[in-house]
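Survey of secondary and tertiary structure
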Amino acid sequence: MFMAIHFPLNQMISWTALNNNSSLSAHEGVSLGASAYEGVSLGAVRRRLDHFHQKVQKHIWSSGRQTAPRLCKLHANINISKTSVSDNYSQVHFQESSEKKATSPRLRASIVLPKDEDIVWPCADDNIPFWRKEFPTSQATSKARINVRQDSDIMHIVHVTAEMAPIAKVGGLGDVVTGLGRACLHRGHRVEVMLPFYECLQKEQINDLTLSDTYSSYHNGDWVSTRAYRGHVTGIPVILIEPANHFFKGQCVYGGSYNELEAYLFFSRACLELMQVTATQPDIIHVHEWQTSALSLLYWDMYHNLSVKKPRLILTIHNMEHYGECRQEQLNICGLDGSVYNTIEKALDDRTIGHNPERLSLLKGGIVYSNAVTTVSPTYVKETLCSGWLSNTLMQYREKYVGILNGIDTVLWDPATDVFLPAHFQAHETEGKRICKQYVQRGLGLDSNLMTMGKKITNKGSNSPLVVCITRLVAQKGLHLIRYAINRVAELGGKFILLGTAPDGRVQEEFEYLSNQCKESNNVRLLLTYSEELSHMLYAAADIVLVPSMYEPCGLAQMIGMRYGAVPIVRRTGGLADTVFDVDHDQSHANQPNGFVFEGIDEGSLNGALERAFQYYNEKPQLWMELISKLMQIDNSWEKSAGEYIDLYNSVRVR
Ligand code: ADP
């Protein structure tokens, strides 16, 4: 028995419909949640069918229906007999190897929207807000990227980091470690992530968690009993380091009631100590930010002289503002002689020369001691070579300093499959986005006059643009511009939602005050909390994502926003300048204008961009729809950037 499955080329698709009764009908589409190309292998097809199986299960879970068990079994018996490719479709013919009769579904690539009556519409006075209800677990673990180029020369890469999404994410660092890690893993490399075993880790997101090693690691004249646990997070092997002291206890990743500098010095050494006691010799140790920069010093001046000889060190700087201030005697705590590093060539913070005491910078030490240093966008490289106190050191090490643009994990961030969304969508099928907007606006008590689904919704009239801003509330992010936008968007007839938290209590209080002031507003909500789930829903609901940063090493919000069909309004700085090109002014990027960009740090500059965006939205709805469909197809995945990292790893590794 033959069946043909049509996959659209180069496009993520998700399964579409299940029959209302108890089985899949031959005429209802399903998709396999992945793209397909010529020459697709049997293994790849099986993986897709596995994926489909999970989709079906998810649907059963979410709809409460008992349905479609037969197709789920199909994948065991399928052989490919032929593949062919046309302009738009790859057609793969399958033959069942057994003569068993089975449903023969015609598979098509489209999103099926939930029926209006199937959506449980939230409202603002629900006891449990819509973003805090239970969601099915993301199947990202098993969503291996099919057709990803496999590298033949395999490396062992260990990331040592203070953050990892989703189990310990505060900002972009967590996203980057997971996204880059998964991208390298899918190219065939052996990747591990070493992370402190924070008390607040979201343990339910760690699979196969087991205690693997018990050992001791040095701290301040003692050897602290330490446990290493192993598990998997979104498919990536992780190693969690848990000292038997008070480090990493508390309800937050940062800001616990322990000395953070000492804790990360301990962690940096404990990671190397584990490699030493387990005789592990990765090709690359990839450290991130000041928190793990001391590992480079510890490696070259201590462990490399012991038995960990092979690794080479990469440091990625995600934000130059945090440089790891450290006094000499504090460095002694991890077993290094702090005085050795108190020179301008090593780790001395140039600005403190002649002060009492002079200070070290762990980040500077990391720059000096690592084999290569990266930061997260080419423009941020230029900016940091020209300004800031580390520019002298970076100039000195210019040869080993490169900018590699961050990507986003397009499996974890996928509006066609995102488990947090009430409806799915993709480029050219954006109806689900309208449902998300309506859902979020209703749930937050923002006046929603959108027409219900099934009817055509235009951008005219009551359908005002929704602007979202999802950010840490720190000066870097342009707090004064965010404050300005809150009112200005409403004046322009739009709606504004802020999702953010401020590490500084005074800023948090100020925004709480503003939030209370607009509690009754139909147009503004300020949500001063951290919620991964809500962030997904807001990106999906948004017409516009606002990123008005004073400086921005890379920025992920604009890339995630684009993937979810939200048009970015950004300040031209750092990675924002590398990823967003103005629809009116960036003629040099004729093929890729994708948002609204402003230069100045004043409110008038932002206002100009807001007004232009609103004008497009209100007066050129067709162009706007074309723009969002284009945005969603922009490739900001890790594919290209992971390749650049792998080239860099290869350039420093020892064979
Ligand atoms: P940074 O690393 O400087 O915080 P990025 O733009 O690189 O900024 O990354 C921010 C990441 O953190 C994005 O994934 C964004 O969605 C997320 N984020 C920021 N604030 C919140 C919040 N309050 N709730 C959920 N996610 C947030």
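The rules behind the values
- Residues numbered from 1 in each chain as written.
- Predicted model: local features only at pLDDT ≥ 70, side-chain atom pairs only at ≥ 80, totals over all residues.
- Heavy atoms only, no water.
- UniProt positions renumbered as here; feature names shortened; annotations may be inferred.
- Near = heavy atom within 4 Å.
- Polar contact = N/O pair within 3.5 Å; in protein donor to acceptor, adjacent residues only side chain to side chain.
- Helix = DSSP H or I, 4+ residues; strand = E, 2+ residues; numbered from the N terminus.
- Nonpolar A, V, L, I, M, F, W, Y, C, P; charged D, E, K, R; others polar.
- Domains from an automatic or database assignment.
- Phe/Tyr/Trp six-rings, centres within 6.5 Å; stacked < 30°, edge-to-face > 60°.
- Buried < 20%, exposed > 50% of the residue type's maximum accessible area, 1.4 Å probe, protein only.
- Salt bridge = Lys/Arg side-chain N within 4 Å of Asp/Glu carboxyl O.
- Contact = heavy atoms within 4.5 Å.
- Pairing = 2+ DSSP bridges.
- Right-handed = clockwise from strand over helix to strand, strands pointing away.
- Core = buried A, V, L, I, M, F, W, Y, C linked by side-chain atoms within 4.5 Å.
- Axes fitted to C-alpha atoms, helices over the stretch in contact; angles between N-to-C directions.
- Expected span 1.5 Å × (residues − 1).
- Parallel < 35°, antiparallel > 145°, perpendicular 65-115°, else oblique.
- Left-handed = near helix turned anticlockwise from the far one by under 90°.

The protein chain is annotated in an unreviewed UniProt entry as Starch synthase, chloroplastic/amyloplastic from Picea glauca. The UniProt entry for the protein chain carries the following text under Catalytic activity (unreviewed entry): "[(1->4)-alpha-D-glucosyl](n) + ADP-alpha-D-glucose = [(1->4)-alpha-D-glucosyl](n+1) + ADP + H(+)". Listed under Pathway (unreviewed entry) in UniProt, the entry text for the protein chain is "Glycan biosynthesis; starch biosynthesis."

**Thoughts on the site of the ligand**
Among the 19 residues in the neighbourhood of the ligand, the closest are listed as Gly-172, Asp-175, Arg-472, Lys-477 and Tyr-539. A distance of 3.2 Å is found between a nitrogen atom of the ligand and a backbone nitrogen or oxygen belonging to Ser-531. Listing elements by their share of the shell around the ligand, those giving two or more residues are α3 (172-186), β15 (466-472), β16 (495-501), α13 (532-541) and α14 (557-563). Of all the elements, β15 adds the most residues to the shell around the ligand, at three residues. Class assignment for the residues of the shell around the ligand results in seven nonpolar, eight polar and four charged. Counting the residues that make up the shell around the ligand, at least three belong to each of domain 2 (156-407 + 640-652) and domain 3 (431-635).

**Notes on the packing of aromatic side chains**
Pairs of aromatic rings are described using the distance from one ring centre to the other and the angle between the two planes. Evaluation of the coordinates by the stated rule reveals 26 aromatic pairs. A centroid spacing of 5.2 Å and a plane angle of 85° characterise the contact between Phe-130 and Trp-131, whose relative ring orientation is edge-to-face. For the pair formed by Phe-130 and Trp-131, the shared burial category is buried. Here the aromatic rings of Trp-413 and Tyr-539 are separated by 5.6 Å at their centres, their planes lie at 90°, and the arrangement is edge-to-face.

**Remarks on the pattern of salt bridges**
Side-chain pairs of opposite charge can arise where the charged atoms are in close proximity. Enumeration according to the criterion identifies 27 salt bridges in this entry. We note a salt bridge from Asp-283 to Lys-310, for which the minimum N-O separation is 3.1 Å. Taken together, the positions of Asp-283 in the loop between α4 (260-277) and β9 (284-288) and Lys-310 in the loop between α5 (294-301) and β10 (312-317) put the pair 27 residues apart, joining distant regions of the chain. Overall, Asp-283 belongs to the buried group, its relative accessible area being 6%. For Glu-552, the salt bridge goes to Lys-477, with nearest N and O atoms at 2.9 Å. Separated by 75 residues along the polypeptide, Glu-552 in the loop between β18 (544-547) and α14 and Lys-477 in the loop between β15 and α11 (479-491) bring together distant segments of the chain. The burial state of Glu-552 is the same as that of Lys-477; both residues are buried. Put simply, Asp-153, Asp-283, Lys-310, Arg-653 and Arg-655 are held in one network by salt bridges that share partners.

**Brief notes about the side chain of Asp-582**
By secondary structure assignment, the location of Asp-582 is in the loop between α15 (574-579) and β20 (596-598). For Asp-582, the side chain forms a polar contact with the main-chain nitrogen of Asp-584, separated by 2.7 Å. Within polar-contact distance, the side chain of Asp-582 engages the side chain of Arg-612 at 2.7 Å. Each residue touching Asp-582, except ones within four places of it in the same chain, is listed here: Pro-593, Gly-595, Phe-596, Val-597 and Arg-612.

**Some details on unusual backbone geometry**
If a residue is not glycine, its phi is most likely negative; likewise, a peptide bond is most likely trans. Omega for the peptide link from Ala-165 to Pro-166 comes to -5°, which places this bond in the cis form. Cis geometry is found at the peptide bond from Asn-356 to Pro-357, where omega equals 0°. On the secondary structure map, Pro-357 appears in the loop between α6 (328-332) and β12 (360-361). Phi angles above zero are rare outside glycine, and Thr-234 is one such case at about 45°. Within the secondary structure, Thr-234 is located in the loop between β7 (222-233) and β8 (236-243). Taking the relative accessible area as the measure of exposure, Thr-234 reaches 11% and is therefore buried. The phi dihedral of Phe-248 is positive, around 70°, even though this residue is not glycine. The class for Phe-248 is buried, based on a relative accessible area of 1%.

**Concerning the pairing of strand β17 (residues 524-527)**
Side chains of β17 alternate between two faces, with Val-524 and Leu-526 and Arg-525 and Leu-527 buried alike. Relative to β17, β16 runs parallel, the two being bridged by four bridges. When the bridges of β17 are listed, Leu-499 appears paired with Leu-527. What joins β16 to β17 is helix α12 (residues 505-517), and the crossover it makes is right-handed.

**Quick look at the nonpolar core**
With 94 residues, the main nonpolar core has Met-194, Tyr-198, Ile-241, Leu-331 and Tyr-649 as its most contacted residues. Ignoring sequence-local partners within four residues, the contact set of Tyr-649 consists of Met-155, Ile-157, His-159, Leu-180, Cys-184, Ile-284, His-286 and Ile-314. Listed in part, the 84 residues of the second largest apolar core include Val-440, Cys-518, Val-583 and Ala-609.

**Structural notes on the sheet that holds strand β4 (residues 156-160)**
Strand order in the open sheet made by the nine strands is β6-β7-β8-β5-β4-β9-β10-β13-β14, with mixed pairing throughout. In this open sheet, the two strands that pair with only one neighbour each are β6 (207-219) and β14 (401-403). Between one strand axis and the next, the sheet turns by 25° as a mean value, whatever way the strands run. Bridge count for β7 against β8 is eight bridges, and the pairing is antiparallel. Counted as the bridge partner of His-232 is Pro-237 from β8. Relative to β6, α4 is tilted by about 105°, and along the sheet it contacts β4, β5 (190-196), β6, β7, β8 and β9. Helix-sheet contacts for helix α18 (residues 638-652) involve β4, β9, β10, β13 (372-375) and β14, and the interaxial angle to β10 is about 145°.

**Let's talk about the environment of Leu-360**
Tracing the backbone through its elements, the reader meets Leu-360 in strand β12. According to the relative accessible area criterion, Leu-360 is buried, its value standing at 1%. Counting along the chain gives 12 residues from Leu-360 to Leu-348, while the straight-line C-alpha distance between them is 4.4 Å. When neighbours within four sequence positions are excluded, Leu-360 is seen to be in contact with Gly-324, Glu-325, Cys-326, Gln-328, Leu-331, Gly-338, Tyr-341, Asn-342, Ala-347, Leu-348 and Asp-349.

**Here's the deal with α4**
Taking 1.5 Å per residue, 18 residues should reach 26 Å; α4 reaches 25 Å between its end C-alpha atoms and fits that length. Most of α4 sits inside the fold, with 14 of its 18 residues counted as buried. Between a side-chain oxygen at the N-terminus of α4 and the backbone nitrogen of Leu-261 the separation is 3.0 Å; the capping residue is Asn-259. After α4 finishes, the residue Ala-279 shows a positive phi value of roughly 50°.

**Quick word on the side chain of His-304**
One can find His-304 in the loop between α5 and β10. Judged by relative accessible area, which is 18%, His-304 ranks as buried. With near-sequence residues (within four places) excluded, His-304 lies in contact with Tyr-299, Lys-309 and Arg-312.

**Some points on the packing of α4 against α5**
Between α4 and α5, whose axes approach to 9 Å, the crossing angle comes to 45°. Put simply, α4 runs oblique to α5. The hand of the α4/α5 crossing is right-handed. Contact with α4, carried on its side by Leu-265, Ser-268, Arg-269, Cys-271 and Leu-272, involves Ala-294, Leu-295, Leu-298 and Tyr-299 of α5 and no other residues of that element. Of the residues contributing to the contact of α4 with α5, the split by class is seven nonpolar, one polar and one charged.

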